[in-house]
Protein chains: 2
Amino acid sequence: MQFSVLVDIRLRGGISDPAGATIERVLPVLGYEGIADVTVGKTIRFTIDAVDAEAAQAAAAELTESFLTNPVIEDADLTIETVSPGAGT
Amino acid sequence: MQFSVLVDIRLRGGISDPAGATIERVLPVLGYEGIADVTVGKTIRFTIDAVDAEAAQAAAAELTESFLTNPVIEDADLTIETVSPGAGT
């Protein structure tokens, strides 16, 4: 079966976010008021082949932790959805 | 009132995604099989003060289109949630 995976990556609380801080600082200059707590994150989307949702979740979590994020400074949320039942399985 | 906004930014279909392509190419080398269609996107989260959800939506959409994204190559989805009713309003 094929699953679509969304990895939503954010900096952990307390980790400096220079991109967010820059956006927040420049917004009033551009005329946007009342905006605060700007943070910038990253998403990685992909499809994965797995026998079931549990296996897809496990494989995606392992990949995310070991390769797609830096767990020291980043948190990741995984969202997994079934795309299609596999053809020959 | 205060609203939390999530801007989920993705490259439009057909726009080259070198970061996603690089991840996809290297995964088999690292031992991850069965992963395809890797795309990399960006999220921007912030809080915004507005009189109601409609005003927050409009302000966030305007900001997103004019400053946070490049509409020529990027699509953005907005998710807006109420954080708290304003104190003095």
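Residues numbered from 1 in each chain as written. Chains lettered and ligands numbered in written order. Predicted model: local features only at pLDDT ≥ 70, side-chain atom pairs only at ≥ 80, totals over all residues. Heavy atoms only, no water.

Engineer: When you look at the relation of the copies chain A and chain B in this model, what are you seeing that I'm missing?
Structural biologist: Think of it as a corkscrew move, a rotation about one axis and a shift along it, taking one chain copy to the other. Overlaying chain A on chain B yields an RMSD of 0.0 Å, the required transformation being a rotation through 180° with an accompanying axial translation of 0.0 Å. What the superposition gives is, in effect, a two-fold axis relating one chain to the other. The position closest to the rotation axis in chain A is occupied by the C-alpha of A:Lys42, lying 2.2 Å away. Of the residues that chain A buries at the interface, 97% are likewise interface residues in chain B, meaning the two copies contact each other through the same surface. (Least-squares fit on C-alpha atoms with pLDDT ≥ 70 in both. Contact = heavy atoms within 4.5 Å.)

Engineer: Where do I start with the interface of chain A and chain B in this structure?
Structural biologist: Taken residue by residue, the interface counts 29 residues in chain A and 28 residues in chain B. Buried area between chain A and chain B, both sides added, is near 2400 Å², and the carbon and sulfur share of it is 56%. It is A:Tyr32, A:Arg45 and A:Phe67 in chain A that bury the most area against chain B; as a group they hold 24% of the surface buried on that side. With a shortest N-O distance of 2.6 Å, B:Asp8 and A:Arg45 are connected by a salt bridge. For the pair chain A and chain B, the interface holds 16 residue pairs in polar contact (both at pLDDT 80 or more). Only strand E1 (2-11), helix H1 (18-26), strand E2 (35-49) and helix H2 (53-68) of chain A provide two or more residues apiece to the side of chain A that touches chain B. The biggest single contributor to the side of chain A that touches chain B is E2(A), with 15 residues. Residue composition of the side of chain A that touches chain B, grouped by class: 16 nonpolar, 6 polar and 7 charged. (Buried area = accessible area lost by both parts, 1.4 Å probe. Salt bridge = Lys/Arg side-chain N within 4 Å of Asp/Glu carboxyl O. Polar contact = N/O pair within 3.5 Å; in protein donor to acceptor, adjacent residues only side chain to side chain. Helix = DSSP H or I, 4+ residues; strand = E, 2+ residues; numbered from the N terminus. Nonpolar A, V, L, I, M, F, W, Y, C, P; charged D, E, K, R; others polar.)

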